[in-house]
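Chain residues, written in single-letter form:
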Amino acid sequence: MLPLLRGTDLAWIYALVLLATTVGSEVTPGVDLDRVVLESSTNLDNLRQHPLYVLATSAFMLSSPWDLWILVPLLVAYGAAQRWVGRVATTVVAAIGHVGATLFVAVLLVAGLTHGRLDPSIAKVPDVGVSYGLVAIGGLLAVRVPRRLRLAYVGGLALWVLGPLLVVTRFSDVGHAVALMIGLGLAVLAARAGRAAQAAAAAREREPEPEPAAAAAPARRPDGRTAVAYGRAAAAPGGPVPPEAGSPDGRAQVEGEPAAQDGRASP
């Protein structure tokens, strides 16, 4: 069981929460699932009164137990995304898809009501579920599909999302189309970021290793001789001559002056 959960725990936790809220609301005495769904819905009335609450809770509710089938693609998509970009990035992409599509649809509904093109009752129509976030995750994963299969994947995903618009136009189907565009747009950004990271890594590998610094040339005295000659360090002009190895008393012999027999320099 643990290998199955490794790298996909976010997907399993999300699925279990959805299962608990949907089935629990259905079987718990005194709890009406329809009322819970309506209170969690992102319809216009709820968005006007408590927008943050319904934007969050609507992503953890399904409208009926018959919608539990969606947990299968949810486990696959969220698990693949988490193994690729991690928990935080997967959650962010799903949240952007869910909130972005919801607000886009709300703007369209407000515009339709303002111009008298929609029935005012649409402001109370329930709208909950995981589909907006799931479609955005599916769009993001397009970049992970092998190139030879990518066109077929995107076409199949678009058909699943946009197909219902060909039969009957519902505002939720418009939201699915928006979520797909969000996911595909994020996929393009992820692909560019990945290529940029690969190019930077390749550039670092091609950089030559720095050559070791060359040894510094010895300093020279005013007479042109090197500062260190015959194992003796040269003294600074006008300063004391450092002791020379080999002098019996440790005193340096001055050039051109004979050494005394007792090992001391003659006065």
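Calculation criteria
Residues numbered from 1 in each chain as written. Predicted model: local features only at pLDDT ≥ 70, side-chain atom pairs only at ≥ 80, totals over all residues. Heavy atoms only, no water. 1 Å grid on protein atoms, 1.4 Å probe; cavity = no way out; pocket = protein on both sides within 12 Å on 5 of 7 lines; lining within 4 Å. Points joined across faces, edges and corners; volume = space filled by probe spheres on them. Helix = DSSP H or I, 4+ residues; strand = E, 2+ residues; numbered from the N terminus. Nonpolar A, V, L, I, M, F, W, Y, C, P; charged D, E, K, R; others polar. Phe/Tyr/Trp six-rings, centres within 6.5 Å; stacked < 30°, edge-to-face > 60°. Buried < 20%, exposed > 50% of the residue type's maximum accessible area, 1.4 Å probe, protein only. Expected span 1.5 Å × (residues − 1). Arc of directions from axis to C-beta. Contact = heavy atoms within 4.5 Å. Polar contact = N/O pair within 3.5 Å; in protein donor to acceptor, adjacent residues only side chain to side chain.

Asks: When you look at empty space enclosed by the protein in this model, what are you seeing that I'm missing?
Replies: Picture a little ball the size of a water molecule; that probe, rolled over the atoms, points out where space is still empty. Taken as a whole and assessed by the stated rule, the structure comprises one cavity of 30 Å³ or more. In this structure, the largest cavity occupies an estimated 60 Å³ of space. If you go around the largest cavity, the residues you meet are Thr42, Asn43, Leu44, Leu47, Thr102, Val105, Ala106, Leu109, Ile122, Val125, Asp127 and Phe171. When residues in the lining of the largest cavity are grouped by element, the largest group, four residues, is from helix α6 (residues 71-114). Counted by class, the lining of the largest cavity contains eight nonpolar, three polar and one charged residues.

Asks: Just checking my understanding: could you explain the packing of aromatic side chains for this structure?
Replies: Any pair of aromatic rings gets described here by the distance separating the centres and the angle formed by the planes. Under the counting rule described, the total for this entry stands at two aromatic pairs. Both rings, one in tyrosine 14 and one in phenylalanine 60, keep their centres 5.4 Å apart while their planes meet at 70°; by these two values the pair is edge-to-face. Here tyrosine 14, found in helix α2 (residues 9-27), pairs with phenylalanine 60, found in the loop between α5 (51-57) and α6; they are 46 residues apart in sequence, far enough to count as distant. A residue is classified by how much of its surface remains accessible, and tyrosine 14, at 11% relative accessible area, is buried. In this structure phenylalanine 60 comes out as partly exposed when scored by relative accessible area, which is 38%. Seen in terms of ring centroids, tyrosine 14 and tyrosine 78 are 5.4 Å apart; in terms of plane orientation they differ by 65°. Their pairing is edge-to-face. Remark: tyrosine 78 occurs in helix α6 and tyrosine 14 occurs in helix α2; sequence separation between them is 64 residues.

Asks: Any chance you could explain α2 here in plain terms?
Replies: Along an α-helix, a turn takes 3.6 residues, which lines up residues three or four apart on a common side. Taking 1.5 Å as the rise per residue, α2 with 19 residues should run 27 Å; its terminal C-alpha atoms sit 26 Å apart, in good agreement. Turning to α2, its buried residues are Ala11, Tyr14, Ala15, Leu18, Thr22 and Ser25. The buried residues of α2 occupy an angular sector of 120° when the element is viewed end-on, so they sit on one face. Exposed side chains of α2 directed beyond 90 degrees from the buried face belong to Ile13, Leu16 and Val27. Looking at the buried side of α2, the elements it contacts are α3 (33-40) and α6.

Asks: Where do I start with the environment of lysine 124 in this structure?
Replies: Here lysine 124 is to be found in the loop between α6 and α7 (131-140). The exposed category is assigned to lysine 124, whose relative accessible area is 56%. The spatial distance from the C-alpha of lysine 124 to the C-alpha of serine 41 is 8.7 Å, given a sequence separation of 83 residues. Polar side-chain contacts of lysine 124 include one of 2.6 Å to the side chain of aspartate 45.

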